[in-house]
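# Tertiary structure, described
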Amino acid sequence: MSLSWSRTSRALAGGLTALTLLTACGGSSGAAGSEGPVTLTYWGWTKGTRQAVDAYNATHRGITVKFEEIPSGTAGGYAKISNAVKAGNAPDLVSIEYPTLPEFVSQGAVQDISRYVTPGLKKQLLPQAVHLTTLGGMSWAVPFDAAPQVYYYRKDFFTQHKIKVPRTWDDFRTAAAAAKKADPKARLGTFFPDDPTTFEAMAWQAGAHWFATEGDSWKLTTTDPATRKVTDYWQGLLKDDLVHTHVSFSPEWTNSLRSGGTVGYLGASWGAGVLKGTLPDQSGKWAAAPVPSWDGKPASGMLGGSTTAVTKNSRHAEAAVKFAAWMSTAPKAVEARLATGQSSPYPAATALRPVARNAFDTRYYGGQDVYALFDDAAASVNGNWGWGPATSTTNTTLKDEFGKVAGGGGGSLAAAVRAGSDATVRELKKRGLKVTGR
């Protein structure tokens, strides 16, 4: 990832010069100790965040944090943050996922916090996560977690019907057909038409590299062999009715899981907590495995992953980064999140992984050490992927087009990806950025 993001950083550097001046003037270096007690406001949505904030407030003086839960980013949270920044009343801190951070940076919505993100802090964090939050040579957020892909499956169903856990995508198709034959309503997974990030993670895993830079230009490549392989594969699964097409985390998806209509979930590390919190009565029935790969060798993309950024409007950047660093590196922060039983973060801070492993109750997964699986998945993340500065445009278009395909409205996944790329190119040109490719 470091090579990819080094190139990306150079391409953004010129465009960020004015932004650096803006944040240098707009923010304040004030923090507890230099200006007296500070109260920070923080908006986020990840499970367990409120409990972590409560743990911080109970053990710290000088900096108090007021947390407000907002909808997840794609469900309205990002729009709420953007509108608040434009109105000049944004909170000090916000949760932003890695794919969306470049867009907030390019819009001038978050501050350059380079002088507060010390070398000591960076050394505690996964290098890939640090690179994903570094643009133009500047730090724009504190990484919280990584989100390598994982496959969750109903081991009782697999055992009953003698279906092998798939190691390759060919295996997955074979297993999906066997599951449907054994139980006509059962499917081993879901194509989420509303969630392009799941598809992007699979393209990432396959070796695609949608966003890159050439000199001072952005280059989009979505018609490459890796992406075509993924679109063709999932088009075939849809055609043969081997996967469901429920909206992610919708009542339909949840009810299908409860009834045994969905017996597999292509998710990420944080999905362990989602299933545990959503389906408590299925404790002991689920297990986790590496996400299938094309050749059977370990390979993964990332599905989400979150950071904590300081908004343009904050006048307490130093205090905000101190709190964000605590959230990312303090054992009590991870323990508080996991205590809810509905969160399974894979910390960006490598030293906290044993803490997370020990705090996560594995009984739901029959005692399986899912964090060991997460470790292996994270190590296999493909390093040739980078995000662009107009992800919301890309994903909004993909969501609309995927919905048409999944809903029987015609078209193809390949055409949907091309439409997403075309819309992104138009948006980048509209912003005055040089761009090539499709």
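Residues numbered from 1 in each chain as written. Predicted model: local features only at pLDDT ≥ 70, side-chain atom pairs only at ≥ 80, totals over all residues. Heavy atoms only, no water.

All right, on to helix α16 (residues 370–379) then. Here α16 has its buried residues at Val370, Tyr371, Leu373, Phe374, Ala377 and Ala378. One side of α16 holds all its buried residues, which, seen down the axis, span an arc of 150°. What points out from α16, more than 90 degrees from its buried face, is the exposed set Asp376 and Ala379. Against the buried residues of α16 lie β8 (149–154), α12 (271–278), β12 (286–290), α14 (331–338), β14 (346–347) and α15 (353–359). (Buried < 20%, exposed > 50% of the residue type's maximum accessible area, 1.4 Å probe, protein only. Helix = DSSP H or I, 4+ residues; strand = E, 2+ residues; numbered from the N terminus. Arc of directions from axis to C-beta. Contact = heavy atoms within 4.5 Å.)

What follows deals with the packing of aromatic side chains. Tallied over the full model, the rule gives 38 aromatic pairs. Looking at Lys80, its charged tip hangs above the ring of Trp43, at a distance of 4.8 Å from the centre. Sitting over the face of the ring of Phe144, Arg337 holds its NZ or CZ atom 3.9 Å from the ring centroid. (Phe/Tyr/Trp six-rings, centres within 6.5 Å; stacked < 30°, edge-to-face > 60°. Lys NZ or Arg CZ within 6 Å of the ring centre and 35° of its normal.)

So, about the sheet that holds strand β15 (residues 434–437). Each strand in a sheet pairs with its neighbour through backbone hydrogen bonds, running either in the same direction (parallel) or in the opposite one (antiparallel). Spatial strand order, β9-β10-β15: 3 strands in an open sheet with mixed pairing. Edge strands, defined here as strands with exactly one partner in the open sheet, are β9 (211–214) and β15. Sheet twist, expressed as the mean angle between neighbouring strand axes with direction ignored, is 30°. Where β9 meets strand β10 (residues 217–220), 4 bridges bridge the pair, whose relative direction is antiparallel. In the strand pairing of β10, Ala212 is matched with Lys219. Lying over the sheet, helix α18 (residues 413–430) contacts β9, β10 and β15, oriented at roughly 170° with respect to β10. (Pairing = 2+ DSSP bridges. Axes fitted to C-alpha atoms, helices over the stretch in contact; angles between N-to-C directions.)

What follows concerns the nonpolar core. It is characteristic of soluble globular proteins that their nonpolar side chains tend to be buried jointly. One finds Tyr152 and Trp234 to be the most contacted residues of the largest nonpolar core, which totals 113 residues. Considering every element that reaches this core, the biggest residue donor is helix α13 (residues 317–329), with 9 residues. Residues Trp45, Tyr78, Leu101 and Ala141 belong to the second largest nonpolar core, which totals 20 residues. (Core = buried A, V, L, I, M, F, W, Y, C linked by side-chain atoms within 4.5 Å.)

Here the focus is the side chain of Asp195. If you trace the backbone, Asp195 turns up in the loop between α8 (169–182) and α9 (196–206). Buried and unpaired, Asp195 has no salt bridge, with Lys399 as the nearest side chain of opposite charge at 9.1 Å. At 2.4 Å, the side chain of Asp195 forms a polar contact with the side chain of Thr197. For Asp195, the contacting residues outside a window of four places in its chain are Ser248 and Leu303. (Lys, Arg positive; Asp, Glu negative; His and termini not counted. Salt bridge = Lys/Arg side-chain N within 4 Å of Asp/Glu carboxyl O. Polar contact = N/O pair within 3.5 Å; in protein donor to acceptor, adjacent residues only side chain to side chain.)

In this section: the pattern of salt bridges. Summed over all chains, the structure comprises 15 salt bridges. Between Arg431 and Glu103 there is a salt bridge, with the nearest N and O atoms lying 3.0 Å from each other. Pair noted here: Arg431 is in the loop between α18 and β15 and Glu103 is in helix α4 (residues 101–106), with a separation of 328 residues, a long-range link. Taking relative accessible area as the criterion, Arg431 reaches 30% and is therefore assigned partly exposed. By relative accessible area, Glu103 is classed as buried at 4%. A salt bridge links Asp156 to Arg154, with the nearest nitrogen and oxygen atoms 2.8 Å apart.

The next point concerns unusual backbone geometry. Its identity is not glycine, yet Asp241 carries a phi of approximately 55°, on the positive side. Among the structural elements, Asp241 can be located in the loop between α10 (225–239) and α11 (251–259). You will see that Phe249, though not glycine, has its phi angle at about 60°, which is positive. Inspection of the secondary structure puts Phe249 in the loop between α10 and α11. Note on Phe249: relative accessible area 40%, which makes it partly exposed.

Attention shifts here to the environment of Val65. Note that Val65 resides in strand β2 (residues 63–69). The spacing of Val65 and Asp92 is 27 residues in sequence and 9.6 Å in space, taken between C-alpha atoms. Apart from residues no more than four positions distant in its own chain, Val65 is found in contact with Leu40, Tyr42, Val53, Tyr56, Asn57 and Phe323.

A few words on the environment of Thr393. Along the polypeptide, Thr393 turns up in helix α17 (residues 391–406). Look at Thr393 and you get buried, because its relative accessible area is 18%. Residues Thr393 and Thr168, 225 residues apart in the sequence, show an inter-C-alpha distance of 32 Å. If sequence neighbours within four positions are ignored, Thr393 has contacts with Ala423, Thr424 and Glu427.

Bringing the packing of helix α2 (residues 49–59) against α13 into the picture now. Direction vectors running N to C along α2 and α13 enclose 115°, while the axes themselves pass 11 Å from each other. By the criterion of interaxial angle, the relationship of α2 to α13 is roughly perpendicular. As α2 packs across α13, the resulting crossing turns out to be right-handed. The residues of α13 that touch α2, namely those facing Thr49, Ala52, Val53, Ala55 and Tyr56, are Phe323, Trp326 and Met327. Grouping the amino acids of the contact of α2 with α13 by side-chain chemistry returns 7 nonpolar, 1 polar and no charged. (Parallel < 35°, antiparallel > 145°, perpendicular 65-115°, else oblique. Left-handed = near helix turned anticlockwise from the far one by under 90°. Nonpolar A, V, L, I, M, F, W, Y, C, P; charged D, E, K, R; others polar.)

Moving on: the confidence of the model for the protein chain. On average, the protein chain scores 90 in pLDDT, and the residues at 70 or more come to 92%. Per-residue pLDDT stays below 50 along residues 13–33; that stretch engages in 47 contacts with residues further than four places along the chain or on separate chains. (pLDDT = per-residue confidence, 0-100.)

When you tally the buried positions in strand β11 (residues 264–268), you get 5 out of 5 residues, the bulk of the element. What you see with β11 is no split at all: Gly264, Leu266 and Ala268 on one side and Tyr265 and Gly267 on the other are buried throughout. Note that β8 and β11 share 5 bridges and pair antiparallel. Within β11, the position partnered with Val150 by the bridge is Gly267.

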